[in-house]
Structure formats: C-alpha cells, structure tokens
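# Close look at the chain arrangement
Below are the chains, spelled out letter by letter.
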Amino acid sequence: MSETAPQKRTWLVLGASSSVGRAFARLAARQGADIVLAGRDTDDLNRTAADVALRAGVFVDVVAFDAEDFDSHADFAADCARRDTAIDVFLLFGAMHEQDATDEDFDLARQTVNVNYLGAVSILDRLAPILEKQGDGRLVVLSSVAGDRGRRKNYLYGSAKGALNLYLQGLRARLFPAGVSVTTVKAGFLDTDMTFGLPGLFLVASPEACAAACLRLSDKGRETAYFPNFWFLIMTIIKSIPEPIFKRLSI
Amino acid sequence: MRFKQLELSGWGRTTAAAVSAYRPERISAAADLVRAAGAENVVAYGGGRSYGDSAVRTGGAALLTERLDRILAFDETEQVVVCEPGITVADMQAFLVPRGYSLPAVPGTGFATVGGIVANDVHGKNHDRHGSIGDHVCWFDLLMADGTVKQVAPDNDGDLFAATIGGVGLTGIIVTVCIKVLPMPSNAVQVTEMRVRDLDHFFELFAEHRDRATYSVGWIDALARGAKLGRGVLELADPSPAGIPDKAPRRLRVPFDMPGILLNRLTMSAFNEVYYRRVPDGGEVSKKSLTAFFHPLDALHDWNRLYGRAGFHQFQCVVPEEGGASGIRSLLEEISASGSASFLAVLKTMGGEGRGHLSFPVRGYTLALDFPARAGVTDLLQRLEDITLDYGGRIYLAKDSMMSEAGFARMYPALREFRAVLEHVDPKGLFMSDQALRLGIRGPGR
Ligand SMILES: Cc1cc2nc3c(=O)[nH]c(=O)nc-3n(C[C@H](O)[C@H](O)[C@H](O)COP(=O)(O)OP(=O)(O)OC[C@H]3O[C@@H](n4cnc5c(N)ncnc54)[C@H](O)[C@@H]3O)c2cc1C
Ligand SMILES: NC(=O)c1ccc[n+]([C@@H]2O[C@H](COP(=O)([O-])OP(=O)(O)OC[C@H]3O[C@@H](n4cnc5c(N)ncnc54)[C@H](OP(=O)(O)O)[C@@H]3O)[C@@H](O)[C@H]2O)c1
C-alpha cells in the first residue's frame, strides 16, 4: 500500500484583519494549510501575511475584499476557483455600532445589515458552487449570541446575525450532500477591537482561544456551537424569558 | 476611537496610574491616536516589565503595543529580523532559536517586548561579549509626534537614532524594528556554576572569566555581612553545540497578593543560604535550555505579588570599572546593614557604553536587587544613589522609581543632546511618562 501525501488545502479567511482572523491564520498555517487573507486593509494584511508565512513556512496570499461591494464578489469567487488547491472558508467579517447610533442614522443601520448579513449572503452564494464542485471542504462562520434574541441594546446587529444564522442553516442542508460541512460559531464577548473599552463586558475570551475553537469545531464538522460554551446556558435562559417580561427589560 | 480606563503600574507595583488605554491592532490605528491626541500626553506601554513609572502617564493615553506583534521579515543571509514592537522576547526567541539564532541581548524576562527592550537599550548576561540590544538595531520606524512614520538608522538620522535607543519612549512610538540576530547553535547552553566565598573572590573570578565565557552573571546573598559580604554563586555559560529536548514549561501562578510579612529577613536569609549551598563546593556543570537559562523567573507567573500589596522597588546601578570594586563594596555594606534586601541580588560585569543618549551600560560592574516597599526604603535608596554618584555610576531607568532629578542629570551626561532632539521632534511634549516628569527628563519645567 502506498501512502499519498495529504492533499494541500487553503484556508480562505474573509475578514482577516480582525485579531481572531490573524490568530486563525497563524493556527491553520501551523497545521500546514496555505492561507488567503481577504479584507479591505491590504497594507495591513500584507504584514500579517509576512508573519504567517515566516512562522509557519506556508504560502500566504492577500486579496482585496469588501463585503459591501457585492458586485465584486463574483470575480472574487472566480479567482478562488482558479487556485490549485482545495479551499476551506472562515468567514468572520462583521460590523457593530451602538443601537442608538443605528436608530438615528439609517446609513449605519444599512451598513450593519449589508456587512453582517447581505455581504455574507453575497459572497457565500458565490462560493457555494465552488465548494459543491470540490466535493468536500469546510465553511466556518464566526457569528454571535446576539443573533439568538432581539435585545433592546443590540437588536439591529442581532437581527443581522440572526438572519445570518438562519441562512447558514439552509446552506448547511444544501452543502451537506456535497460533503461540505457548515459550522456556525455563536460567540459571546471577545477581547477584540470591536469591544475594547466597551462597558458591561464580562467573561471576555481571547482571540486566540476563539480562533482555536473555530478551527476545532469545523474540524469536527459541528453544526452550531457556542463559544465559550457556557454561553449556551446564558442564552438558554435569555431565550426562555417570556416576551411580556422580556419587553420590559432594557438589556 | 475607543479607550479603556485602566490603572496601570510598573512591575514593582509601588504606584498605579489612571490612564486611557488604547490598543491598536495595526500601525495606521496607532498613528490615529497620535494625530488625535491634541494636548493629552501619550506613552507606549509594552510588556509592563519596567519596574517604575516609565510606561505610564497619569491622566494621559497609554498606547498598548501588545497587538502589534508580527514578524515582518527574516533574512538569513543578512542575519536580520524585522518585527513589530509588541512581540514578546519569548515569542521572538521561539521563532529564532529553532532556526539557529537568538536575540543578541536577552533580558531576564521573556514577557518584555521588543519595543520595550529597544526603548531601554537592555543588556543580557552576554553584555561583555555582545553589548546591549541597541548595538544590534539596524533601523526602526518611528511614529512621531506629528503623526508621520519615519525610518531611522544611524546613518540617516544619527541623533534621533541615539535619542530613541534607550530613550524610554520619549521620541515617539517604535512601530517596526530591524535587529541583527546572533547565531545560536542549539536551544541549550552549557552552564558552569561555582560558589563564591566573598566579594574579593567575585572580582577575581570576574577578571578571570569575563572575556572567556559568552554569558556570565553573579548571584549575591545581599543579606550576608562581615566576612561573608558578597558571597554568592557565579554562573558562566556558553552555547551548547547540541540541544536538549523541548519540554513544555511548567507554569505556576501567584494567585493573590501574599501578605508582605512573609518576606522577612529570616525567610530571605534561609532562601539565600539554600541557593548558595545548592551549588557543590567544587562547582557544577550542567546543560540548560535557553529558556530556563534566560528566564528562570518566568515559570512563576505574577511573582511580583509575592511582595504583597505594597509592592517593591528594584535598584540597579552600574559603577565604572575604575574604583568599581570599592563602589560595589560600599553599596553592599549599606544594603546588608539595612537588612531590607530580599531574594538574590545580581552582580555582573558590563562591557561598554550603549549607542543611546540615555543608554545605561558603562564598562564596569552592575548591581541589581529588590527592596520590599516598607518604611525606610526611601532613605536607603537615596543613600544608594549617593554612593552610586560618588563612584561616577548611574541608575538604570528601567528599574528606577525613586531617583532624584539632580542625581539623574549628573548620571547621564548626554542628556543635553537628548533634550535637543526632543525639542526638535516633539516640541510640544506629546510623549511623556510619569517618570519623565518626575526626573525632568525633557528639561526643567517641561
Ligand atoms: C524579571 C525581570 C528581569 C529583567 N531583566 C533585565 C535584564 O537582564 N536586563 C535588562 O536590561 N533589563 C531587564 N529587565 C527590565 C526590562 O527588560 C525592561 O524594563 C524592558 O524595557 C521591559 O520591556 P517592556 O516591553 O515590558 O516595556 P515597558 O515596561 O512596557 O516599557 C518600558 C519603556 O519602553 C517604552 N516603550 C515600550 N514599547 C515602546 C515602543 N514600541 N516604542 C517606544 N517606546 C516603547 C515605554 O514607553 C517605557 O518607557 C528585567 C525586568 C524584569 C521584570
Ligand atoms: N467582539 C465580540 O465580542 C464579538 C462577539 C460575537 C461575535 N463577534 C463577531 O466576530 C467577528 C470578528 O469581529 P471582531 O470582534 O474581531 O471585531 P473587529 O476587529 O472589528 O473585526 C471585524 C472584521 O470585519 C471586517 N470588516 C468590517 N467591514 C467589512 C467590509 N465591509 N468588508 C470586509 N471586511 C469588513 C474588518 O475589516 P477591516 O479591517 O477592513 O475593518 C475586520 O476584519 C465579527 O463578525 C463580529 O460580529 C464579535
């Protein structure tokens, strides 16, 4: 029996300038995968690319990607299809503003939905056929516990993440026959740029731990998971509060 | 632009400063802070391993560099590494050592950052042989007070280069550094330890070994008096051609502030006695991993909490070789008479001056030790400063928390050049730390 070398794969990281994206790229590269870092700030991503390539000795590429620029996504996906390795996808771009700010400024509200929801739909609709054709692969999406219930403090962002979670349920069913797993990671508080200095955070998890969980959960082919997993309990309680009471809460 | 209100203190934890912390994850975001800062002071905060107040400004902005931690280039032909400032010494070593290299100067903790070690021009146990880190810096990118980033090398702006090496963050934020690395044949060193009877014995051994061994450091029992004054252990080491298996380091943590009373003369003396006796009479040779050799204390996380809530002061001075032996003797006599020293003191030789205006090293002897913050320590530190001055020595800014303004000015003769550079690159005094204010580093009344 002859052993064949494991097939080289590439992790496509959409939203790679986040600290979670950087940690994920380092980790996946250490496990031998090539990396494509996709995002808006390509100057910064070039620095991350150098770091990841040097530390792990893998091939790292940087590609410009704007989640809101829907029209560019078809070409972006076509370029991905032309790579000579199979791809796995980590999607983590996202944007969050204070609820009050989006209440007063529809542009901010629209951007929140465009990035967190429509942007994800737009790129994933274009990448899905590639994954199907590939016949295997993994998609892991960093979503949020905010999508589990609309809260006074955060319902616009939450609604976009909630819609994303529903979309991923359907996409999971679509890609399942092709042997492609879809993992939704519902994260609680993470110690990233998005939250640094925000009041009211507790049990904040590090980007490295989050990245490791995303990789591990998708390796296992898990469908949905909370990270850190105690958020399952917190969200079970929050979801069980009856609406007549919940509407009186300002959380 | 979002800030987090934090109380930050140096490693000695004697004072805490309320700061607005800002944590950029990319260089452009660091520049945003500097451009937005207006009248507010800014200072970089790396690993927070300086003992005093050099990385904080009360009421100002602390630019936390921890997320600027990327390695940008590694050139084996030129033997240089280029990186961001927030990468820790331990992470950098974890990258370099398996590739056959080391940082040329490694401080006693791996939690210090590369930006921090450049800003203090740190020295390691190989100072005689290889000098301090600034001797190996090829260039750096400096984020300046006007928000622009300038690449600085000795031959394009020698003054700004000299002001920034050891410049304790006052010229700006170092955002990229290029360092010439040192070939290192394996992950281990061959260590020889020997018992040293007293201070004279130390100086004899230094004279014999300082130019032979790559690494050398002495550990002194600073509580020993009389005939035993200066007794201790001398550690000499050279790179080992063959490595040793990598073990995952055991990590322990001090979970809370220990009651300060536990560190008293009795427990300290006992500890020092054991440390001295540990080395057999005839000496001992062993192979140690570079990590264990460079960073023995890092295995015990938050060890500064051993000193209790009040914290501790660290004192480190260097006295020039000429008259240095009697200088060290005077210091040790003063210290042992006070009885307030704690664990082991470090005594080692230094090879020569650094390239920075405020670089600490001078050819001679350096002595470093901790004092729990208790009644009387202020007077003791003042007396030690006076003795240091009498012998033409200087106190290390990385360790200082109590020096006098006048003493500081006498110790650092290139202060005038340093101030002239600041006047030029940061006339409004944007970059400022509590230490700089306390010591009047920027000049009187600034
Ligand atoms: C256990 C222990 C052992 C030590 N051993 C040694 C030793 O053997 N030799 C030695 O020389 N020192 C030693 N030190 C001191 C230590 O190496 C220095 O204080 C070093 O500067 C700490 O780096 P840091 O990243 O923690 O810097 P911080 O303490 O965070 O900052 C120190 C200074 O550097 C400035 N700074 C930090 N980052 C930047 C940047 N990016 N740009 C501009 N300025 C910046 C800060 O503003 C501040 O003035 C030791 C300290 C400890 C706790
Ligand atoms: N922080 C938390 O507590 C938390 C909790 C649960 C879930 N999450 C989710 O975790 C993910 C990562 O966020 P983070 O916490 O790491 O915050 P972050 O640092 O702000 O990261 C957000 C990322 O999204 C990217 N992005 C934003 N708009 C984009 C656009 N139009 N096109 C392309 N990329 C865009 C950003 O890239 P640029 O560099 O171009 O801005 C950045 O890489 C997000 O989806 C967030 O909703 C975060």
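Residues numbered from 1 in each chain as written. Chains lettered and ligands numbered in written order. Predicted model: local features only at pLDDT ≥ 70, side-chain atom pairs only at ≥ 80, totals over all residues. Heavy atoms only, no water.

### Brief notes about the overall build of chain B
For chain B, the count of helices and strands is 13 helices and 21 strands. A compact globule built from 446 residues should have a C-alpha radius of gyration of about 22 Å, and chain B, at 21 Å, falls within 12% of that. With the C-alpha coordinates of chain B rotated into their principal frame, the extents come out at 60 × 50 × 45 Å. Within chain B, the fraction of its 446 residues that count as buried is 60%. Look at the contacts in chain B between residues 6 or more apart in sequence, and 73% of them connect residues 24 or more apart. Taken as a whole, chain B presents about 17,100 Å² of accessible surface, with 53% of it coming from carbon and sulfur. Across chain B, the 48 positively charged side chains and the 52 negatively charged ones have centroids separated by 5 Å. (Helix = DSSP H or I, 4+ residues; strand = E, 2+ residues; numbered from the N terminus. Rg over C-alpha atoms; globule rule 2.2 N^0.38 Å. Buried < 20%, exposed > 50% of the residue type's maximum accessible area, 1.4 Å probe, protein only. Contact = heavy atoms within 4.5 Å. Areas by Shrake-Rupley, 256 points an atom, 1.4 Å probe, with all protein chains shown as cover. Lys, Arg positive; Asp, Glu negative; His and termini not counted. Charge placed at Lys NZ, Arg CZ, Asp CG, Glu CD.)

### Examining the pattern of salt bridges
One pass over the structure, following the stated rule, counts 44 salt bridges over all chains. When salt bridges that share partners are traced, they join A:R9, A:D88, A:D136, A:R138 and A:D219 into one network. (Salt bridge = Lys/Arg side-chain N within 4 Å of Asp/Glu carboxyl O.)

### Let's talk about the sheet that holds strand β3 (residues 42–45) of chain B
Residue and element names in this part refer to chain B. The strand order across the open sheet formed by four strands is β1-β2-β4-β3, and the pairing between neighbours is mixed. With partners counted over all chains shown, the strands left at the sheet margins are β1 (4–8) and β3, one partner each. The mean angle between the axes of side-by-side strands here comes to 45°, regardless of whether they run parallel or antiparallel. Pairing analysis gives three bridges linking strand β2 (residues 17–22) to strand β4 (residues 61–64), with the strands arranged parallel. Each bridged residue has a counterpart across the sheet, and for S20 the counterpart in β4 is A61. (Pairing = 2+ DSSP bridges. Axes fitted to C-alpha atoms, helices over the stretch in contact; angles between N-to-C directions.)

### Topic: the packing of helix α1 (residues 19–30) of chain A against helix α2 (residues 42–56) of chain A
All names here are of chain A. For the pair α1 and α2, interaxial distance at closest approach is 9 Å and the crossing angle is 25°. Between α1 and α2, the crossing angle belongs to the class labelled roughly parallel. When you trace α1 past α2, the crossing you get is right-handed. Contact residues: R22, A25, R26, A29 and R30 in α1; T48, D51, V52, R55 and A56 in α2. Split into classes, the residues belonging to the contact of α1 with α2 amount to four nonpolar, one polar and five charged. (Parallel < 35°, antiparallel > 145°, perpendicular 65-115°, else oblique. Left-handed = near helix turned anticlockwise from the far one by under 90°. Nonpolar A, V, L, I, M, F, W, Y, C, P; charged D, E, K, R; others polar.)

### Digging into the interface of chain B and chain A
Counting residues at the interface gives 24 residues for chain B and 21 residues for chain A. Between chain B and chain A lies a buried interface of about 2,000 Å² when both sides are counted; carbon and sulfur atoms form 40% of it. On the chain B side of the contact with chain A, B:R2, B:R23 and B:R70 bury the most area, a combined 33% of that side's loss. Inspection of the region where chain B meets chain A yields seven salt bridges. A salt bridge links B:R23 to A:D191; its shortest N-O distance comes to 3.0 Å. Summed over the shared surface of chain B and chain A, the number is 19 residue pairs in polar contact (both at pLDDT 80 or more). For the side of chain B that touches chain A, the elements supplying multiple residues, two or more each, are β2, α1 (27–36), β5 (71–75) and β10 (173–180) of chain B. Broken down by element, the residue count for the side of chain B that touches chain A peaks at four residues, all from β5(B). Its residues assigned to classes, the side of chain B that touches chain A comprises twelve nonpolar, two polar and ten charged. (Buried area = accessible area lost by both parts, 1.4 Å probe. Polar contact = N/O pair within 3.5 Å; in protein donor to acceptor, adjacent residues only side chain to side chain.)

### Looking at the nonpolar core
If you look at the biggest cluster of nonpolar residues, it comprises 108 residues, and the most contacted ones within it are B:I328, B:F371 and B:I441. Ranked by residues supplied to this core, first place goes to helix α10 (residues 377–390) of chain B with six residues. If sequence neighbours within four positions are ignored, B:F371 has contacts with B:F312, B:H313, B:F315, B:I335, B:S340, B:A341, B:V377, B:L380, B:L381 and B:L384. Residues A:V13, A:A16, A:A49 and A:A225 belong to the second largest nonpolar core, which totals 35 residues. (Core = buried A, V, L, I, M, F, W, Y, C linked by side-chain atoms within 4.5 Å.)

### Considering a nonpolar patch on the surface
On the surface, A:I245, A:L249 and A:I251 cluster together to form a nonpolar patch covering roughly 230 Å² of accessible area. If you trace the backbone, A:I245 turns up in helix α9 (residues 243–246). (Patch = residues over 30% accessible without salt bridge, like charges linked within 9 Å, V, L, I, M, F, W, Y side chains within 5 Å.)

### Section: the side chain of B:R210
Residues and elements named next belong to chain B. On the secondary structure map, R210 appears in the loop between α6 (199–209) and β13 (215–220). In this structure R210 comes out as buried when scored by relative accessible area, which is 6%. A polar atom in the side chain of R210 sits 3.0 Å from the side chain of D128. At 3.0 Å, the side chain of R210 forms a polar contact with the backbone oxygen of M350. Discounting chain neighbours no more than four positions away, the residues touching R210 are D128, E321, T349, M350, R363, G364 and Y365.

### Focus on the site of ligand 1
Residue and element names in this part refer to chain B. Around ligand 1, the structure places 34 residues, and the nearest of them are A44, G46, R49, T113 and H123. Contact distances for ligand 1 include 2.9 Å between an oxygen atom and a backbone N or O atom of G48. The fraction of the free accessible surface of ligand 1 (960 Å²) that becomes covered by protein chains is 95%. Put simply, the parts of the chain that give the shell around ligand 1 at least two residues each are β3, α3 (114–119) and β10. The class makeup of the residues in the shell around ligand 1 is 17 nonpolar, 15 polar and two charged. (Near = heavy atom within 4 Å.)

### A closer look at the sheet that holds strand β6 (residues 80–83) of chain B
Within the open sheet, the five strands sit side by side as β5-β6-β10-β8-β9 (chain B). Their pairing is antiparallel. At either end of the open sheet lies a strand with only one pairing partner, and these are β5 and β9 (149–152) of chain B. Neighbouring strand axes in the sheet, compared pairwise and without regard to direction, differ in orientation by 10° on average. Here β5(B) pairs with β6(B) via four bridges, running antiparallel. Of the residues in β6(B), the one forming a bridge with B:I71 is B:C83. Across the face of the sheet, α2(A) comes into contact with β5 and β10 of chain B while running at roughly 50° to β5(B).

In short, geometric facts, not functional conclusions.
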